[in-house]
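Secondary and tertiary structure notes
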Amino acid sequence: EVAEQFEAIFINQILKQSRETKLADDLFFSSATSTSEQLQDSEASEKIASHVNLGIADALVRQCSRDGELLGGKFN
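Just so it is clear, the structure is predicted and the values come from calculations on it, not from any experiment. (Residues numbered from 1 in each chain as written. Predicted model: local features only at pLDDT ≥ 70, side-chain atom pairs only at ≥ 80, totals over all residues. Heavy atoms only, no water.)

Another point: the confidence of the model for the protein chain. The pLDDT averaged across the protein chain works out to 80; a share of 78% of its residues lies at or above 70. For the protein chain, per-element mean pLDDT is lowest for helix H3 (residues 56-70), which scores 78, and highest for helix H1 (residues 2-20), which scores 88. (pLDDT = per-residue confidence, 0-100. Helix = DSSP H or I, 4+ residues; strand = E, 2+ residues; numbered from the N terminus.)

An α-helical segment advances 3.6 residues per turn. Residues three or four places apart therefore align on the same side. For H1, with 19 residues, the first-to-last C-alpha span of 27 Å sits near the 27 Å given by 1.5 Å per residue. Listed as buried for H1 are Ala3, Glu7, Ala8 and Ile11. For H1, the buried positions fall inside an angular range of 150° around the axis, keeping them on one side. Of the exposed residues in H1, the ones pointing more than 90 degrees away from its buried face are Val2, Ile9 and Glu20. (Expected span 1.5 Å × (residues − 1). Buried < 20%, exposed > 50% of the residue type's maximum accessible area, 1.4 Å probe, protein only. Arc of directions from axis to C-beta.)

Our focus in this paragraph is the pattern of salt bridges. Scanning the entire structure with this criterion turns up 2 salt bridges. Where aspartate 41 meets arginine 19, a salt bridge forms, and the shortest distance between an N and an O atom there is 2.9 Å. Of the two residues, aspartate 41 sits in helix H2 (residues 31-51) while arginine 19 sits in helix H1, which places them 22 residues apart along the sequence. When salt bridges that share partners are traced, they join Arg19, Glu37 and Asp41 into one network. (Salt bridge = Lys/Arg side-chain N within 4 Å of Asp/Glu carboxyl O.)

Right under this line is the structure:
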């Protein structure tokens, strides 16, 4: 579950970067618009992470499991 949350954070950063690379300023831009977009991106990120397997969460779990075995089961 934690690895999936990390994956959602990663997706959220991708969405945030894509919004920042606008070609032109929005005529009706306001701080309320920005806040609304951030909330939408956060919600979308969580839904994407829970429904689409990007492999990031699986890779994190495998890596932590392997490290845990190497360190005497510290993370298991």
